Amino acid sequence: MGLRLLACLFHLPTAVIYGSLSLFVSILHNVFLLYYVDTFVSVYKIDKLSFWIGETVFLIWNSLNDPLFGWLSDRVFLSTQQAGAEISSPEVVLKRLRALSHNGPLFAISFLAFWVAWAHPGLQFLLCLCMYDSFLTMVDLHHNALLADLAVSAKDRTSLNFYCSLFSAIGSLSVFMSYAVWNKEDFFSFRIFCVLLALCSIVGFTVSTQMLRQRFQTDGKAKWDQESTLKELYIEKLSVPPEKRITLAEYLQQLSRHRNFLWFVCMNLIQVFHCHFNSNFFPLFLEHLLSDQISVSTGSFLLGVSYIAPHLNNLYFLSLCRRCGVYAVVRGLFFLKLALSVVMLLAGPDQVYLLCIFIASNRVFTEGTCKLLNLVVTDLVDEDLVLNRRKQAASALLFGMVALVTKPGQTFAPLIGTWLLCAYTGYDIFQRNPLNNVVSAQPKLESAVALEPTLRQGCFYLLVFVPITCALLQLLSWSQFTLHGKRLQMVKAQRQSLTQGQALEVKTI
């Protein structure tokens, strides 16, 4: 029975094994996002100054480590393509798989460092965040880069992304299971739960990467034997110039001339902002717009749906991408975001059921769009390779550069959101019980009561005008993006011809 199961595992499609890596990330990362702040604030009692210092350093490191690790990983691929040079080989995939096999288990171990007090809370908070994010970045960069390296056609890439979404949805179940063991007074059960999750992740990364490495090692050996035979017959050209290595400054200059890259990061910066705005203010919208209209269980259901539905919804979006193309689907989602927001604005805040649907769908569709954009980045990888005639696609580096430009949206979301709310209503989200602090004096009490309708109205306008503004700006920038249709087909055809290798000149026998 065991041998039969093992045989089935080794015969799984490559797309399934690749997608399973998302499972071993999501089972840990969702729990981390949900509990790490509460753990340090409520359990370890970190002081406010240490917390903000840790978060500030984390935000800086979080933005810089993506391009840094991408450059360290892919700088060797930035040389220009020369006649007879190898453009694609299983060794590139094997390099990424080796990185995943090492960093995946280390990522799981760094996850465990949060749940045991081993240093001063401020120091532990800073070290844990930076260590965890470093290994998560390495895993994400190489996993996303494999999406561009394993396949070139849109059909194959959407298939890979389909399984990533499926396994990410399964991984989201760890959030629901964590509720059963989360207890701030008795942390033992939660720690055991986290250890079990980490063990599953370590075993999963080890087995999945090993299975993929075995497949590509076999392919690599066959390709090496073929190349050895061809090289014996290869007629070298006398005028082949030496290979030119690209410096970081030259690479950045190339990116600054990459028009589609620039329009994409402008659009994606707004998308990242909107995703994190929804995540940051989702509880606030539930509290001030719906808390007196719906039950606690309904609110919990909306929160749960907002976590798992984007992954399931993405399965449908990917099927649309196969038929209509990623560009058309993303543009359609921007129009849908705009239309739903305008309908909600016209309906007003008193339509409870419509408000529930809008709050949930706004987050689901926004997160779903974010998950489709990796496919666009892989197309940009192809265009970058073709435009600059690279020796090999610098997939991880381009993903890192996208993250460098767009991750500030994570910081802008809470800052701009709280500023808008405070400017319109005078409500300070950081103040403890801002509406109920002053009840001794009657005029102040009346002022606090009078503020509540304004606060509810302010939350409603924030809820609808932010997506309207984001949608309009995104439609403007997305209309300038030209890597679709015939141009995309031309780029992919050129990449595929390079991937297959320009035929070596062979002596006529």
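Residues numbered from 1 in each chain as written. Predicted model: local features only at pLDDT ≥ 70, side-chain atom pairs only at ≥ 80, totals over all residues. Heavy atoms only, no water.

Per an unreviewed UniProt entry, the protein goes by the name Major facilitator superfamily domain containing 13A and belongs to Malurus cyaneus samueli.

With that settled, consider the overall build of the protein. Across its full length, the protein holds 17 helices and zero strands. Across the protein, every contact between residues at least 6 apart in sequence was considered, and the portion connecting residues at least 24 apart equals 86%. Only carbon and sulfur atoms are counted for the fraction: they give 65% of the accessible area of the protein, which is about 24400 Å². (Helix = DSSP H or I, 4+ residues; strand = E, 2+ residues; numbered from the N terminus. Contact = heavy atoms within 4.5 Å. Areas by Shrake-Rupley, 256 points an atom, 1.4 Å probe, with all protein chains shown as cover.)

What follows covers the packing of aromatic side chains. Enumeration over the complete set of coordinates arrives at 34 aromatic pairs. Each ring, one from Phe107 and one from Tyr132, has its centre 5.2 Å from the other, and the planes form 40°; the classification is tilted. With Phe107 in helix 4 (residues 90-112) and Tyr132 in helix 5 (residues 121-150), this residue pair connects regions lying 25 residues apart in the sequence. Using a relative accessible area of 0% as the deciding quantity, one classes Phe107 as buried. A centroid spacing of 5.4 Å and a plane angle of 90° characterise the contact between Phe162 and Tyr163, whose relative ring orientation is edge-to-face. On the basis of relative accessibility, which here comes to 23%, the residue Phe162 falls in the partly exposed class. (Phe/Tyr/Trp six-rings, centres within 6.5 Å; stacked < 30°, edge-to-face > 60°. Buried < 20%, exposed > 50% of the residue type's maximum accessible area, 1.4 Å probe, protein only.)

Within the secondary structure layout, Gln457 lies in helix 16 (residues 442-478). The class for Gln457 is partly exposed, based on a relative accessible area of 35%. Taking the C-alpha atoms as reference points, Gln457 and Thr425, 32 residues apart in sequence, are found 8.7 Å from one another.

With that settled, the discussion passes to the pattern of salt bridges. Close approach of charged atoms allows side chains of opposite charge to pair. Summed over all chains, the structure comprises 11 salt bridges. Residue Asp382 is joined to Arg495 by a salt bridge in which the shortest nitrogen-to-oxygen separation is 2.5 Å. Of this pair, Asp382 sits in helix 13 (residues 352-388) while Arg495 is found in helix 17 (residues 486-499), placing the two residues 113 residues apart along the sequence. When sorted by exposure, Asp382 lands in the same class as Arg495, which is buried. When the shortest N-O distance is used, the salt bridge between Glu383 and Arg487 registers 2.6 Å. Here Arg487 lies in helix 17 and Glu383 lies in helix 13, a separation of 104 residues in the sequence. Taking the relative accessible area as the measure of exposure, Glu383 reaches 1% and is therefore buried. Look at the salt bridges and you will find they share partners, linking Arg157, Asp379, Asp382, Lys492 and Arg495 into a network. (Salt bridge = Lys/Arg side-chain N within 4 Å of Asp/Glu carboxyl O.)

What follows is about the environment of Leu473. Examined against the element boundaries, Leu473 turns out to sit in helix 16. In this structure Leu473 comes out as partly exposed when scored by relative accessible area, which is 43%. Separated by 139 residues in sequence, Leu473 and Phe334 place their C-alpha atoms 9.7 Å apart.

So, on to the packing of helix 3 (residues 48-74) against helix 5. Packing of helix 3 against helix 5 leaves a shortest axis separation of 9 Å and a crossing angle of 25°. Taken together, helix 3 and helix 5 sit at an angle that is classed as roughly parallel. In this structure, helix 3 crosses over helix 5, and the sense of that crossing is right-handed. In terms of residue class, the contact of helix 3 with helix 5 is built from 11 nonpolar, 10 polar and three charged. (Axes fitted to C-alpha atoms, helices over the stretch in contact; angles between N-to-C directions. Parallel < 35°, antiparallel > 145°, perpendicular 65-115°, else oblique. Left-handed = near helix turned anticlockwise from the far one by under 90°. Nonpolar A, V, L, I, M, F, W, Y, C, P; charged D, E, K, R; others polar.)

Moving on, we come to the state of the cysteines. Among covalent bonds in proteins, the disulfide is the one between the sulfur atoms of two cysteines. A complete count under the given rule lists one disulfide for this structure. Just so you know, Cys130 is unpaired, no disulfide at all, and the nearest cysteine sulfur is the one on Cys128, 9.7 Å from it. With no disulfide partner, Cys470 has as its closest neighbouring cysteine sulfur the one in Cys275, 9.6 Å distant. (Disulfide = S-S within 2.5 Å.)

Its location among the elements puts Asn103 in helix 4. Among residues more than four places away in sequence, those in contact with Asn103 are Phe135, Met138 and Val139.

Here helix 5 spans 42 Å end to end across 30 residues, near enough to the 44 Å set by a 1.5 Å rise per residue. Taken across its 30 residues, helix 5 has 23 buried, putting it largely inside the fold. (Expected span 1.5 Å × (residues − 1).)

Looking now at the confidence of the model for the protein. Residues at a pLDDT of 70 or more form 81% of the protein, whose mean pLDDT is 80. Within the protein, helix 12 (residues 326-347) carries the highest mean pLDDT (93), whereas helix 1 (residues 2-10) carries the lowest (51). Note on residues 227-240: pLDDT is under 50 here. Beyond four places in sequence and across chains, it has 14 contacts. Every residue in residues 437-451 is under pLDDT 50, and counting partners more than four places away or in other chains gives eight contacts. (pLDDT = per-residue confidence, 0-100.)

Residues Ile170, Leu173, Phe176, Met177 and Tyr179 make up a contiguous nonpolar surface patch of roughly 480 Å² in combined accessible area. Following the sequence through the fold, Ile170 ends up in helix 6 (residues 154-171). (Patch = residues over 30% accessible without salt bridge, like charges linked within 9 Å, V, L, I, M, F, W, Y side chains within 5 Å.)

In this structure's numbering, the residues bearing the UniProt feature "transmembrane region" (unreviewed entry) are residues 15-37, 49-64, 106-132, 160-182, 188-207, 261-282, 294-312 and 324-347. Note that residues 15-37 is 100% helix and 0% strand, and that its end C-alpha atoms are spaced 35 Å apart. Here residues 106-132 is 70% helix and 0% strand, with 9 Å between the C-alpha atoms at its ends. (UniProt positions renumbered as here; feature names shortened; annotations may be inferred.)

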